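Next come the chains, spelled out residue by residue.
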Amino acid sequence: MEKLEKDAFRVAVDFPVIEIEARDTGIVTRRVRLEPYLIGHKLKPLKNTIDSEKEGKKYLVFHPDKVQEDETKQKIVEMMKRELGDEKTLKWETLSKDLTFENWDTKSIFKAVLPEGIEYSSYTQTGHIIHCNFADEVLPFRHLIAEVLLNKVSNCKTVVQKGNIITNVYRNLDLELLAGEENYVTEIKETGLRFKMDFSKVYWNSRLSHEHERVSGLFNNQSIVYDACCGIGPFVLPATLKKKPRRVMANDLNPESVKWLKVNVGLNKIKEDRIEIHNMDAKLFIKEKIANDVIRMMKEESTSEAEEKPESQIHVVMNLPAYAVNFLPAFRGVLRGFESKEISRKWKWNVYCYLFAKSHVDVPDDWYESEARRMCDEKTKWETSLVVKCHNVRTVSSRKEMFCAQLELPYEFLIAEPLPEEPEAPLEPEEEAVEPRCKKMKTT
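The shown structure was predicted, so the numbers you read here are calculated from the model rather than taken from an experiment.

S.K.: I'm lost on the overall build of the chain in this one. Help?
M.R.: When you go through the chain residue by residue, the secondary structure sums to 10 helices and 19 strands. Taken over C-alpha atoms, the radius of gyration comes to 29 Å for the chain, far larger than the 22 Å a tight globule of 444 residues would show. Reported as C-alpha extents along the three principal axes, the dimensions of the chain are approximately 95 × 55 × 45 Å. For the chain, the residues scored as buried account for 49% of the 444 residues in total. Counting contacts in the chain only where the partners sit at least 6 residues apart, residues at least 24 apart contribute 73% of the total.

Printed below as a string of structure tokens:
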């Protein structure tokens with residue numbers, strides 16, 4: 001099929017059924033193990049139990065492929081009588097139903113319309129938008145697949161294909177509209193918070209929801225949180241609402257991300273003064289905004305005569321995995337030149353640097369974490385490794401893993417001689433996961 005034809009899915013089917021008293025439905029469905037034989041949930045809205053033409057009666061609807069043998073039918077009747085009593089009259093009947101496109105599940109439809117050997121099942125939904133990535137062999141069928149998804153996935157109004165490679169610093173991609181309306185402003189909920197965005201102009205990945213929750217869960221009410229590549233707020237908004245940090249500052253180079261972050265601050269009823277927002281290069285944000293902000297607070301606390309406060313910690317999030325590792329040199333010497341005698345409180349610095357570890361050949365699984373650590377060490381150039389933890393976030397593609405490297409920066413590093421400025425590193429293309437041909441090969 002090259003174009004979706006719903007009428008092609010209409011078929012008359014004879015279903016084996018048993019009529020029971022409506023009041024016995026609960027007993028049968030709870031106590032009798034009929035799940036392997038019933039039609040299940042793949043033929044919605046047709047259900048396992050439906051009303052009979054007779055008042056006070058129900059039909060149990062069985063899958064015709066699973067109860068063909070007389071022996072199987074007799075076994076089912078015996079199972080039911082053990083719970084309902086031998087005096088119950090249970091007999092097999094046939095119920096004819098016309099199945100249409102609406103009855104079939106997405107997997108069954110794809111199996112019917114795609115050529116043998118070609119499968120498709122993976123997509124991401126963000127609000128009313130479904131985002132697809134296709135392997136080469138599936139690409140010619142993308143419009144057909146999109147029409148199926150538009151008709152079968154609840155709340156879907158738009159189906160798009162993104163390019164597989166992110167090549168710009170804003171991390172947005174050209175979209176190809178495959179089906180539905182050309183409306184890219186959408187809203188989703190994640191961990192109870194509302195996020196509104198123009199999907200065509202900002203970066204959002206629903207697969208990172210657990211990572212957003214993991215990192216924001218590391219903060220507390222004494223945390224000082226800086227997000228250098230904040231996007232539309234998936235880290236800073238839950239952190240602000242749920243952990244109530246002492247200080248939150250967010251930054252992104254993409255003006256569209258900053259625009260929608262401000263919208264989301266309002267949507268989630270967060271006071272504007274709780275998050276200070278900037279639109280600038282992350283390296284300058286670290287060297288200027290973070291440095292000056294930390295020094296100001298350390299001086300205030302050092303000269304304050306107030307009672308001793310719980311120890312604060314600084315947390316800097318850098319979720320730009322194709323480039324963030326290049327921001328690490330900006331931390332070396334970031335506090336150099338400030339009079340340390342004015343400062344009695346020197347807080348612990350935690351940096352969460354997202355990056356990709358990539359190989360061009362098959363390697364052992366533990367190679368990827370070692371490579372992530374090496375990449376960080378190469379940029380910090382300190383006598384010991386500053387990486388204290390390397391969390392594997394997700395597999396991006398074959399031979400490419402995404403990590404969150406957590407670094408602890410000692411005060412000596414923050415006041416050390418800054419590293420010489422290096423030429424601007426090129427942005428590494430960031431691959432969006434596509435429907436894989438095979439899983440990553442494991443080696444030992």
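Moving on from the coordinates now.
S.K.: Would you mind showing me how to read the pattern of salt bridges here?
M.R.: Two side chains that carry opposite charge are able to pair once their charged atoms sit near each other. Applying the stated criterion to the full structure yields 22 salt bridges. With a closest N to O distance of 2.9 Å, Arg296 and Asp293 form a salt bridge. Taken together, the residues Arg296 and Asp293, both in helix H8 (residues 282-303) and three residues apart, mark about one turn of the helix. With a shortest N-O distance of 3.2 Å, Glu300 and Arg296 are connected by a salt bridge. Here Glu300 pairs with Arg296, and both are found in helix H8, just four residues apart, close to one helical turn. Overlapping salt bridges, with partners in common, bring together Arg247, Glu276, Asp293, Arg296 and Glu300 in one network.

S.K.: Just to check I follow, could you spell out the sheet that holds strand S4 (residues 92-99) for this structure?
M.R.: By way of backbone hydrogen bonds, the strands of a sheet pair with one another, either parallel or antiparallel. Here we have four strands laid out as an open sheet, ordered S2-S3-S1-S4, and antiparallel in their pairing. Since the sheet does not close on itself, it has two edges, and those belong to strand S2 (49-51) and S4, each with one partner. Taking the axes of each pair of neighbouring strands and ignoring which way they run, one obtains an average angle of 45 degrees across the sheet. Examined bridge by bridge, S2 and strand S3 (residues 57-61) share three bridges and lie antiparallel to one another. Note on S3: the bridge partner recorded for Ile50 is Tyr59.

S.K.: So what exactly am I meant to see when it comes to a positive patch on the surface here?
M.R.: A surface patch of positive charge is lined by Lys42, Lys66, Lys107 and Lys111. With respect to the helices and strands, Lys107 occurs in helix H3 (residues 106-113). By relative accessible area, Lys107 is classed as exposed at 64%.

S.K.: Explanation requested: the nonpolar core in the structure shown.
M.R.: What tends to happen in soluble globular proteins is that the nonpolar side chains get buried as a cluster. Residues Tyr226, Met318, Phe331, Trp349 and Leu407 are the most contacted members of the largest nonpolar core, which totals 51 residues. Secondary-structure elements contributing two or more residues to this core are strand S12 (223-227), H8, strand S15 (313-318), strand S16 (348-358), helix H9 (366-380), strand S17 (387-397), strand S18 (400-409) and helix H10 (411-414). Broken down by element, the residue count for this core peaks at nine residues, all from H8. In this structure Leu407 touches Leu328, Trp349, Asn350, Val351, Cys353, Cys376, Thr380, Leu386, Val387 and Val388, once residues within four positions along its chain are discounted. Core analysis: the next-biggest nonpolar cluster, separate from the first, contains 37 residues, Ile129, Phe199, Leu208 and Phe219 among them.

S.K.: In this structure, what is going on with the sheet that holds strand S5 (residues 124-126)? I would like to understand it.
M.R.: Taken together, the four strands give an open sheet; going across it, the order is S5-S6-S7-S9, and neighbouring strands pair in mixed fashion. The open sheet has two free edges, formed respectively by S5 and strand S9 (175-180), since each of these has just one partner strand. Adjacent strand axes in the sheet meet at a mean angle of 30 degrees, parallel and antiparallel pairs treated alike. Sitting on the sheet, helix H4 (residues 142-152) touches strand S6 (129-132), strand S7 (158-162) and S9, and the angle it makes with S9 is about 50 degrees.

S.K.: Would you mind showing me how to read the packing of H3 against H4 here?
M.R.: Geometry of a packed helix pair, given as the angle between the helix axes and the separation of the axes. Where H3 contacts H4, the two axes come as close as 11 Å, and the packing angle between them is 155 degrees. Between H3 and H4, the interaxial angle falls into the category roughly antiparallel. Considering how the two elements wind past one another, H3 and H4 form a crossing that is right-handed. Across the interface between the two elements, Thr106, Ile109, Phe110 and Val113 of H3 pack against Leu144, Ile145, Val148, Leu149 and Lys152 of H4. Among the residues forming the contact of H3 with H4, the class breakdown is seven nonpolar, one polar and one charged.

S.K.: Please clarify how the UniProt feature "binding site: S-adenosyl-L-methionine" (unreviewed entry) in the chain should be interpreted in this entry.
M.R.: Per the UniProt entry, the sites bearing "binding site: S-adenosyl-L-methionine" (unreviewed entry) are His212, Asp252, Leu253, Asp281, Ala282 and Asn319 in this numbering. Tracing the backbone through its elements, the reader meets Asp252 in the loop between strand S13 (247-251) and helix H7 (255-267). Overall, Asp252 belongs to the buried group, its relative accessible area being 11%. In this view, Asp252 contacts Ala228, Cys229, Cys230, Gly231, Ser257, Val258, His278, Asn279 and Met280; residues no more than four positions away in its chain are not counted. A distance of 2.8 Å separates a polar atom in the side chain of Asp252 from the backbone nitrogen of Gly231.

Conventions adopted
Residues numbered from 1 in each chain as written. Predicted model: local features only at pLDDT ≥ 70, side-chain atom pairs only at ≥ 80, totals over all residues. Heavy atoms only, no water. Helix = DSSP H or I, 4+ residues; strand = E, 2+ residues; numbered from the N terminus. Rg over C-alpha atoms; globule rule 2.2 N^0.38 Å. Buried < 20%, exposed > 50% of the residue type's maximum accessible area, 1.4 Å probe, protein only. Contact = heavy atoms within 4.5 Å. Salt bridge = Lys/Arg side-chain N within 4 Å of Asp/Glu carboxyl O. Pairing = 2+ DSSP bridges. Axes fitted to C-alpha atoms, helices over the stretch in contact; angles between N-to-C directions. Patch = residues over 30% accessible without salt bridge, like charges linked within 9 Å, V, L, I, M, F, W, Y side chains within 5 Å. Areas by Shrake-Rupley, 256 points an atom, 1.4 Å probe, with all protein chains shown as cover. Lys, Arg positive; Asp, Glu negative; His and termini not counted. Charge placed at Lys NZ, Arg CZ, Asp CG, Glu CD. Core = buried A, V, L, I, M, F, W, Y, C linked by side-chain atoms within 4.5 Å. Parallel < 35°, antiparallel > 145°, perpendicular 65-115°, else oblique. Left-handed = near helix turned anticlockwise from the far one by under 90°. Nonpolar A, V, L, I, M, F, W, Y, C, P; charged D, E, K, R; others polar. UniProt positions renumbered as here; feature names shortened; annotations may be inferred. Polar contact = N/O pair within 3.5 Å; in protein donor to acceptor, adjacent residues only side chain to side chain.

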